[in-house]
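Observations on the model geometry
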Amino acid sequence: MGTGVLRCGICGSGRLSPVAQLRTVEGQNDRLRLKFPRPRAYKLRPAFDVDFARACLDCGAVLPFLSDVDLARLNETADNLSDYDT
């Protein structure tokens, strides 16, 4: 059962930074994107922008996550996504 405390996925610390925008050094419009395989030929690959992150104040790990909009889109399409391992 969860305690309601967000923890680092690497070291387990509860000491995380506030939410920050996640951008590359090349530019404000360059961002990480979660991309899945094409569902069929000639279909676009489902992609979701990873816009935000927190940093662990103990080990320095960066924990990226989706915006509310992209998370809702991912949940709508999750059953139709395939993974690379199959």
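Keep in mind it's a predicted model, so treat the numbers as computed, not measured. (Residues numbered from 1 in each chain as written. Predicted model: local features only at pLDDT ≥ 70, side-chain atom pairs only at ≥ 80, totals over all residues. Heavy atoms only, no water.)

Re the confidence of the model for the protein
Do not read the predicted coordinates in detail wherever pLDDT is low. For clarity, the threshold we go by: Note on scores: pLDDT gives the predictor's confidence for each residue, bounded by 0 and 100. The numbering of helices and of strands both runs from the N terminus, where a helix is a DSSP run of H or I of at least 4 residues and a strand a run of E of at least 2.
With 88% of its residues at a pLDDT of at least 70, the protein reaches an overall mean of 85. Taken element by element, the protein is modelled with least confidence in strand E2 (residues 32-35), mean pLDDT 85, and with most confidence in strand E4 (residues 52-55), mean pLDDT 95.

Brief notes about the pattern of salt bridges
Quick reminder of the rule: Salt bridge, as used here, is a side-chain nitrogen of Lys or Arg placed within 4 Å of a carboxyl oxygen of Asp or Glu. Buried, partly exposed and exposed residues are distinguished by accessible area as a fraction of the type maximum, computed with a 1.4 Å probe on protein chains only: under 20%, between the cut-offs, and over 50%, respectively.
By the definition in use, this model includes four salt bridges. Where Arg23 meets Asp51, a salt bridge forms, and the shortest distance between an N and an O atom there is 3.3 Å. One end of the pair, Arg23, is in the loop between strand E1 (20-21) and E2; the other, Asp51, is in the loop between strand E3 (47-50) and E4, with 28 residues separating them in the sequence. For Asp51, a relative accessible area of 10% translates into the label buried. Put simply, Asp70 and Arg73 hold a salt bridge, and the shortest N to O gap is 2.5 Å. Here Asp70 pairs with Arg73, and both are found in helix H1 (residues 68-77), just three residues apart, close to one helical turn. Assessed through its relative accessible area of 8%, Asp70 is described here as buried.

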